[in-house]
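# Structural features, examined
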Amino acid sequence: MGYQKTLMKSVFYSGIGLHSGKDVNISFNPALDDQGIVFSRTDLEGTPKVIAKVSNVVDTNRATTIGEGIAKVATVEHILAALSALGIDNCNIELSSVEPPVMDGSSLPFISLLKEAGICQLKTLKKAPIVIEEALMVRDNDRFISVFPYEGFRITFTSVNNNPIIGIQFGDYEITEDTFVKELASARTIGFMHEIEALQAQGLALGGSLENALVYDNEKPLNNPRFEDELVRHKILDVIGDLSLVGRRIKGHIVAVKSGHELNIMLARKILEKFA
């Protein structure tokens, strides 16, 4: 099971939020045993905190948002996926806006920042993993996400996109730190030119650009894909981040078709209710 982990020192970064479009400063800092992942809003009076746990999820439209009281933190999934993959149990994250910096639209820059800080063991054992003992499923018409008993942590995902250039993509990965860093962490958020105006009217994607997303028009990508199947890899990255909100490692096989943040979080809640 091993011992809990945190950071050896603090690291800092400044950037722009994907959906908010706001400038933001963020720092990742060491934390104590059993504290978990805690976000602090330094721009709000009293620097209120939000614990990263599934019961604090307040929105899943286009991203996962957590909140407690007046404090909300949007688009946490890329950070949480990086922390989960590196086995970091406890971290204090301070940010000066509602949303972390989008970086390049993937988790890889967060992996680099966390490794720059260094990772150290604490004196407390990690919490026992949640062992999936029977199948669970959340379904919405032709979209679903399920989990089955399995000795490790595996994700099998089928993405279906109406754009014929993207079409159907399939990914199947045993999730380890090595696999995440090499195969999944650099997969970016996907965007479409025809969606941008509607999204921005909703106050979303205000910070999106060719620098922080893989963007398509109707015929081709407008920047270079990092993988032929970058969309499904990013979807798997999102699942890892969302499910990490259960607060413990999961021993199970996730199988999903066309799932998004809403269904991911619904499954996370079901897992906690049934097995934790």
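A few points on the structure. Note that the structure is a prediction, hence the values are computed from the model and not measured. (Residues numbered from 1 in each chain as written. Predicted model: local features only at pLDDT ≥ 70, side-chain atom pairs only at ≥ 80, totals over all residues. Heavy atoms only, no water.)

Moving on, we get to the environment of E177. In this fold, E177 is placed in helix α3 (residues 177-184). Put simply, E177 and D23 are 154 residues apart on the chain and 30 Å apart in space, counted from C-alpha to C-alpha. Apart from residues lying up to four places away in sequence, E177 is in contact with A85, L86 and K115. (Helix = DSSP H or I, 4+ residues; strand = E, 2+ residues; numbered from the N terminus. Contact = heavy atoms within 4.5 Å.)

The next subject is helix α6 (residues 261-275). Taking 1.5 Å per residue as the helical rise, α6 with its 15 residues ought to reach 21 Å, and the 21 Å between its terminal C-alpha atoms agrees with that figure. Along α6, the residues that are buried comprise H261, L263, N264, I265, L267, A268, I271 and F275. (Expected span 1.5 Å × (residues − 1). Buried < 20%, exposed > 50% of the residue type's maximum accessible area, 1.4 Å probe, protein only.)

Moving on to the nonpolar core. By size, the foremost hydrophobic cluster in this structure holds 63 residues, and its most contacted members are F28 and F39. With sequence-adjacent residues up to four places away left out, F28 is seen in contact with L7, K9, S10, V11, I79, C91, N92, I93, F110, L113 and L114. Judged by nonpolar contacts, the second largest core, of six residues, contains I166, L214, Y216 and L231. (Core = buried A, V, L, I, M, F, W, Y, C linked by side-chain atoms within 4.5 Å.)

Moving on, we come to the packing of aromatic side chains. Within this structure, the stated rule accounts for two aromatic pairs. For the pair F28 and F110, a centre-to-centre distance of 6.1 Å together with 65 degrees between the ring planes defines the contact as edge-to-face. With F28 in strand β3 (residues 23-29) and F110 in helix α2 (residues 108-117), this residue pair connects regions lying 82 residues apart in the sequence. A relative accessible area of 0% means that F28 is categorised as buried. The side chain of R233 reaches across the aromatic face of F227, ending 3.9 Å from its centre. (Phe/Tyr/Trp six-rings, centres within 6.5 Å; stacked < 30°, edge-to-face > 60°. Lys NZ or Arg CZ within 6 Å of the ring centre and 35° of its normal.)

Remember that the coordinates give geometry; whether it matters functionally is a separate question.
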